[in-house]
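What follows is the residue order along each chain.
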Amino acid sequence: MPTPRDWQPGASFDALTARARLLAKLRAFFAARGVLEVETPLLSRAASTDVHIESLRVRDARGELGFLHTSPEFFMKRLLAAGSGPIYQVSKVFRGGEIGRWHNPEFTLLEWYRPGFSLAALMDEVEDLVRALAQDMPSRPGTSRRIGYREAFIEHIGIDPWTADIKTLIPCAMAHGLDVAEGEHFSQDDWLDLLFAGALAPRLPTDALTFIHGFPPSQAALAKRMMHDGVEVAARFELFWGGLELANGFDELQDANEQERRFAADNAERERRGLPAMPYDEHLLEALRAGLPASAGVAIGLDRLLARLLGAGRLDEVLAFGIHRV
Amino acid sequence: MAYYSTSEFRSGLKVMLDGDPCVMLENEFVKPGKGQAFNRVKLRNLKTGRVLEKTFKSGESIEAADVLEVEMQYLYNDGEQWHFMDPVTFEQLAADGKTIGDARLWLKENDTCTLTLWNGAPIAVTPPNFVELKVIETDPGVRGDTATGGTKPARLETGAVVKVPLFIEEGELIRCDTRTGEYLARVKA
């Protein structure tokens, strides 16, 4: 129910000023490194097939127009395949159903792609950027650490996610205070996701940057798979500041056939769950067939990063108008 | 039967969990980067008062609880049941000892209480936050000692025992906070 004060912005003018400064600094950062700023459409006929991401549909009086993008990834990869070289974009993205302290259905994503970069080189650049943006901000990150998904689980939760079965994961979740409703509907991946979000992330050192890499292959999304300690993992990393996830980086999948198989598998899983199958991006598949240069790419949630830099306790404090005020 | 989906979760929502009615106190949406989203919820069991935490997969639903809170006047206790009346409709309801719990220690006839009803039957009784009750038993007062801060136990007309300042005498009226069980002030008759 709206209250009379809801016309006012949720963010202070200090926060809005800091946001403007952050955008100016990141543009200077990429200009100095020869990364080109691009703009791609927010509205697309194709949508994300990811079962955990809900795309918002757009219609006009004549019918369906398409979807608001959940990330500019497909269009940016088409630019890469067309020979753009390194590119970045700051854009609003939209994800249905994501409302919470650290979620808003519309948020600002910084996404960039580096042809020829390894994941390690991209992690270096992410850290350089975060530290550059943190200069003269009230809150700056402390040390940084890179750790494998498996090692992080063993260190913080005391189980090996590659070998633990559901019979181990359930009591482990209970022991971490994660009492679950309808637990019989949980898959192995659900239990790992729950432990990751509910127990592992909150245990990461508060002021430090932690890069976690080598995710389960089932969570590869649009990343390559690779071998790590004799086990297949997704060539992906996530950046955390304290327990808050800020960024997701990929060694980008180049194989069009594998990409198409994953789209189809996602849609099959969607149908199994009673979710609508999504029209996937045929143009992207064509671009991959034409040849995507080997690239590493990453997306950073700028609202979350800004909130952390200002020491804010919720996303609303850095959004002019969060979802409850629109 | 009504259901709430996780996207409708908010504090104050009354839901059924493991057969008991609960009220939602907090709801946090959590989602790993590329995985399943969850709602981590803190709830209070309205029958036992216990606070518990539950995690739901986002997108799931939970049964709504038919719970409402009504203001009713306390009438009397017949030895087994405590009787209340709606001051507007004059409808009467009775609550047993288990439902009354510690509220019994503060109930004075004609005071207005809050009854929590589940499917129309009382499951909890909350006395008024502040009550004025007579001291029926305490050690003799210490005249003039209003400053040393010492206390002594005093039994009140409704059965509650509270710590009162040394100068309070039997037969005096005092004001108490039923939520903390603490003495607040002497009431001049």
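As the structure is a computational prediction, the values presented were derived from the model and not from experiment.

1. Topic: the overall build of chain B
A count of helices and strands for chain B gives one helix and 16 strands. Radius of gyration (C-alpha) of chain B: 22 Å, far over the 16 Å computed for a compact globule of 189 residues. Seen through its principal axes, chain B has C-alpha atoms that stretch 70 × 40 × 25 Å. A burial count over chain B gives 30% of its 189 residues as buried. Of the contacts formed within chain B by residues at least 6 apart in sequence, a portion of 44% connects residues at least 24 apart.

2. Topic: the overall build of chain A
Regarding its fold elements, chain A presents nine helices and 12 strands. Its C-alpha atoms give chain A a radius of gyration of 20 Å, near enough to 20 Å, the size a compact globule of 326 residues would have. When its C-alpha atoms are laid out on the principal axes, chain A stretches across 50 × 45 × 45 Å. Per-residue burial for chain A yields a buried fraction of 43% across its 326 residues. Considering only residue pairs separated by 6 or more positions, chain A has 67% of its internal contacts joining residues 24 or more positions apart.

3. Observations concerning the sheet that holds strand 4 (residues 38-45) of chain B
Paired through their backbone hydrogen bonds, the strands of a sheet run either parallel or antiparallel. Residue and element names in this part refer to chain B. Within the open sheet, the four strands sit side by side as 2-3-4-5. Their pairing is antiparallel. In this open sheet, the two strands that pair with only one neighbour each are strand 2 (14-17) and strand 5 (51-57). Pairwise comparison of adjacent strand axes, ignoring direction, gives a mean angle of 45° for this sheet. Two strands pair when backbone bridges link them, and strand 4 and strand 5 are joined in this way by seven bridges, in the antiparallel orientation. Counted as the bridge partner of Arg 44 is Val 51 from strand 5.

4. Re helix 3 (residues 119-134) of chain A
With 16 residues, helix 3 of chain A ought to run about 22 Å at 1.5 Å a step, and its terminal C-alpha atoms sit 22 Å apart, in line with that. Once helix 3 of chain A ends, the next one or two residues include Asp 136 of chain A, with phi positive near 60°.

5. Let's talk about helix 1 (residues 13-32) of chain A
Residues and elements named next belong to chain A. For helix 1, spanning 20 residues, the distance from its first C-alpha to its last is 29 Å, which sits close to the expected 28 Å at 1.5 Å a residue. Buried within helix 1 are the following residues: Ala 18, Arg 19, Leu 22, Leu 26 and Phe 30. The arc that holds every buried residue of helix 1, seen down its axis, measures 105°, which confines them to one face. Away from the buried face of helix 1 by more than 90 degrees, exposed residues Phe 13, Asp 14, Thr 17, Ala 20, Ala 24, Ala 28, Ala 31 and Ala 32 are located. Buried-residue contacts for helix 1 involve strand 1 (36-37), strand 5 (87-94), strand 6 (106-115), helix 3 and helix 9 (302-310).

6. Quick word on the packing of helix 7 (residues 256-272) of chain A against helix 8 (residues 282-291) of chain A
Residues and elements named next belong to chain A. Relative orientation of the contacting elements helix 7 and helix 8 amounts to 155°, with a least axis distance of 8 Å. As the angle between them shows, helix 7 and helix 8 are arranged roughly antiparallel. Here helix 7 contributes Ala 256, Gln 259 and Glu 260 to the contact with helix 8, which in turn contributes Leu 285, Leu 288 and Arg 289.

7. Focus: the sheet that holds strand 11 (residues 121-126) of chain B
Residues and elements named next belong to chain B. One open sheet holds the five strands; their spatial order is 9-8-7-10-11, and the pairing between them is antiparallel. Two strands close off the open sheet at either side, each with one partner strand: strand 9 (92-96) and strand 11. Each strand axis lies, on average, 45° off the axis of its neighbour in the sheet, ignoring direction. Sheet topology places strand 7 (residues 67-77) next to strand 10 (residues 112-118); seven bridges connect them, and they run antiparallel. Bridge pairing links Gln 73 to Thr 112 in strand 10.

Basis of the calculations
- Residues numbered from 1 in each chain as written.
- Chains lettered and ligands numbered in written order.
- Predicted model: local features only at pLDDT ≥ 70, side-chain atom pairs only at ≥ 80, totals over all residues.
- Helix = DSSP H or I, 4+ residues; strand = E, 2+ residues; numbered from the N terminus.
- Rg over C-alpha atoms; globule rule 2.2 N^0.38 Å.
- Buried ≥ 20, exposed ≤ 12 C-beta atoms within 10 Å, placed from the backbone.
- Contact = placed C-beta atoms within 7 Å.
- Pairing = 2+ DSSP bridges.
- Axes fitted to C-alpha atoms, helices over the stretch in contact; angles between N-to-C directions.
- Expected span 1.5 Å × (residues − 1).
- Arc of directions from axis to C-beta.
- Parallel < 35°, antiparallel > 145°, perpendicular 65-115°, else oblique.

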